[in-house]
There are 2 protein chains.
Amino acid sequence: MGVRAQQKEKTRRALVDAAFNQLSAERSFSSLSLREVAREAGIAPTSFYRHFKDMDELGLTMVDEGGLTLRQLMRKGRQRAASGGSVIRTSAETFMEVLDSNPNVFRILLHERSGTTPAFRAAVAREIRHFIAELAHYIEQQADRPSDAAWAQAEALVTLVFHSGAEALDLKSSQRKPLTERLVLQLRMVVKGAEGLANRY
Amino acid sequence: MGVRAQQKEKTRRALVDAAFNQLSAERSFSSLSLREVAREAGIAPTSFYRHFKDMDELGLTMVDEGGLTLRQLMRKGRQRAASGGSVIRTSAETFMEVLDSNPNVFRILLHERSGTTPAFRAAVAREIRHFIAELAHYIEQQADRPSDAAWAQAEALVTLVFHSGAEALDLKSSQRKPLTERLVLQLRMVVKGAEGLANRY
DNA sequence: TAAATTAGCTTACAACTGTAAGCTCAAAAT
DNA sequence: ATTTTGAGCTTACAGTTGTAAGCTAATTTA
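Residues numbered from 1 in each chain as written. Chains lettered and ligands numbered in written order. Predicted model: local features only at pLDDT ≥ 70, side-chain atom pairs only at ≥ 80, totals over all residues. Heavy atoms only, no water.

In the nomenclature of an unreviewed UniProt entry, chain A is known as DNA-binding transcriptional regulator FabR of Paraferrimonas haliotis.

Structure below.
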């Protein structure tokens, strides 16, 4: 890669990072202006267009990148569970740790899931579907369940995890223990109930 | 009430209604400007301040009003269930009907739940807590469950219902049947699982 | 070596925002 | 009958936004 392409890539990253860094509980992606992001990245507003067609394109890049990051981290967590310990508990705790270290990655997914841009909602939905698919696959194999039931179960589990994640974002990490316990209990309900329904019919 | 107070109330309603009407899948409350709302309500921008301190105050009014409306509709639905039929199925179907007739009432709750204004998030959380409390109370009585387990269960149920509601918003009402069926299945998992966990210990 | 490409810049503009100041005039209070 | 109140208006201003036009200078290509 030439000197020029290298510098361009560096600036592009600066833009993505600038946008991620400006996210917070009080600041969503859609509330960021092109000029703010450019300012934070240290370039002129109009130079932004050398990298992205518009803010939407930047945002979609972030959603994709965020979804990938999150899945990688969760996969690492599942490896930890494989080497001993409850899958449910380990997964719940892993997720909370991810929140702690990458809050803004989760924030953009959470917020844009119910955002106003159809393209964003679709992108987030796709990322979440990846989550569900991985989990549904695991359930199908592990519990030998028909695939539609496995999907419904996986979706319920992911929904509950995301919801607790959203609540956890508003708390200091020291306050998250009871929330995690309640989440574990809710996940157990779903798993136990899915077993019950599968065995009865 | 005097003529004057009557007219004022009328304009206030016009503002609230204007704001509700401007909501859509592509337009969240926080993306509305004061001037837009005033325009739609047929008053001058500066006259807005005769009724609300700022847009946040209008938004909080809408959240309160929306939460109330939603709970009233759901209560009506529960009465229908009392006179025969599965509670789970009837509740799920009622919720979908509410979505159909009052999409924007649900939209503001859904969107501001993960929005950027702390006051909004708190207000929505409070409304949802009302939902959960009503349901937890029902479960405690009906199934004689300890109150913390009943709460966790109720929260899980409400979480799943809201999530399906969010997905349903993006669909035409004719496309919502399978989604409702999946929701019913997920709710059954939770109920069944909660039973299982309660009986085992 | 000469020409072409391009990342980033400066300047500029029209559109929109929230809101301050102050007027009008009908209803309410005295 | 007179005064006070207040909902709604017009005008005005400063700030921010996205983005168009065109320049510069350094890398890349021919």
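A. The protein's contact with DNA strand C, seen in detail. The environment of DNA strand C is formed by 22 residues, the closest being R4, T11, A44 and H51 of chain A together with R35 of chain B. A breakdown of the atoms of DNA strand C within 4 Å of the protein gives sugar and phosphate a share of 49%. In this structure, K8 of chain A approaches DNA strand C through a side-chain N or O atom, which is 3.4 Å from a phosphate oxygen. Between a phosphate oxygen of DNA strand C and a side-chain N or O atom of R39 of chain B, the distance comes to 3.5 Å. Secondary structure elements with two or more residues in the surface near DNA strand C: α1 (3-22) of chain A together with α1 (3-22) and α2 (34-41) of chain B. Residues that form the surface near DNA strand C fall into these classes: six nonpolar, nine polar and seven charged. (Near = heavy atom within 4 Å. Polar contact = N/O pair within 3.5 Å; in protein donor to acceptor, adjacent residues only side chain to side chain. Helix = DSSP H or I, 4+ residues; strand = E, 2+ residues; numbered from the N terminus. Nonpolar A, V, L, I, M, F, W, Y, C, P; charged D, E, K, R; others polar.)

B. Region of interest: the interface of chain A and chain B. Contacts between the two partners involve 34 residues from chain A and, on the opposite side, 34 residues from chain B. Both faces combined, the contact of chain A with chain B buries some 3,000 Å², and carbon together with sulfur accounts for 62% of it. Three residues, T116, M189 and K192 of chain A, lead the burial of chain A against chain B; their summed loss comes to 20% of the area buried on that side. Scanning the region where chain A abuts chain B turns up four salt bridges. Run the count over chain A and chain B and you get 15 residue pairs in polar contact (both at pLDDT 80 or more). In terms of residue count, helix α8 (residues 177-200) of chain A provides more of the side of chain A that touches chain B than any other element does, twelve residues in total. Classifying every residue of the side of chain A that touches chain B gives twelve nonpolar, eleven polar and eleven charged. (Contact = heavy atoms within 4.5 Å. Buried area = accessible area lost by both parts, 1.4 Å probe. Salt bridge = Lys/Arg side-chain N within 4 Å of Asp/Glu carboxyl O.)

C. Representation of the packing of α1 of chain B against α2 of chain B within the structure. Residue and element names in this part refer to chain B. Interaxial distance between α1 and α2 falls to 8 Å at its minimum, and their mutual angle equals 110 degrees. One finds that α1 runs roughly perpendicular with respect to α2. Between α1 and α2 lies a crossing whose hand is right-handed. The residues of α2 that touch α1, namely those facing A14, L15, A18, A19 and Q22, are E36, V37, A38, E40 and A41. In the contact of α1 with α2, the residues fall into seven nonpolar, one polar and two charged. (Axes fitted to C-alpha atoms, helices over the stretch in contact; angles between N-to-C directions. Parallel < 35°, antiparallel > 145°, perpendicular 65-115°, else oblique. Left-handed = near helix turned anticlockwise from the far one by under 90°.)

D. Quick peek at α2 of chain B. Residues and elements named next belong to chain B. Every buried residue of α2 is listed here: L34, V37, A38 and A41. For α2, the buried positions fall inside an angular range of 100 degrees around the axis, keeping them on one side. When the buried face of α2 is taken as reference, the exposed residues oriented beyond 90 degrees from it are R35 and R39. On its buried face, α2 sits against α1 and α3 (55-82). Trailing α2 by a residue or two, G42 shows a phi angle of about 80 degrees, which is positive. (Buried < 20%, exposed > 50% of the residue type's maximum accessible area, 1.4 Å probe, protein only. Arc of directions from axis to C-beta.)

E. Fine view of the protein's contact with DNA strand D. Close contacts around DNA strand D come from 22 residues, with R35 of chain A together with T11, A44, R50 and H51 of chain B the closest. The sugar-phosphate portion of DNA strand D accounts for 49% of its atoms within 4 Å of the protein, the bases making up the rest. A distance of 3.4 Å separates a phosphate oxygen of DNA strand D from a polar atom in the side chain of R39 of chain A. Only α1 and α2 (34-41) of chain A together with α1 of chain B provide two or more residues apiece to the surface near DNA strand D.

F. Quick look at the relation of the copies chain A and chain B. Overlaying chain A with chain B gives an RMSD of 0.0 Å, the required rotation being 180 degrees about an axis along which the chain moves by 0.0 Å. When the rotation and shift are considered jointly, the pair of chain copies conforms to a two-fold rotation axis. When C-alpha distances to the rotation axis are compared across chain A, the minimum falls at G193 of chain A, with a value of 1.8 Å. The overlap is high: 100% of the interface residues of chain A also sit at the interface in chain B, so the same surface is used on both sides. (Least-squares fit on C-alpha atoms with pLDDT ≥ 70 in both.)

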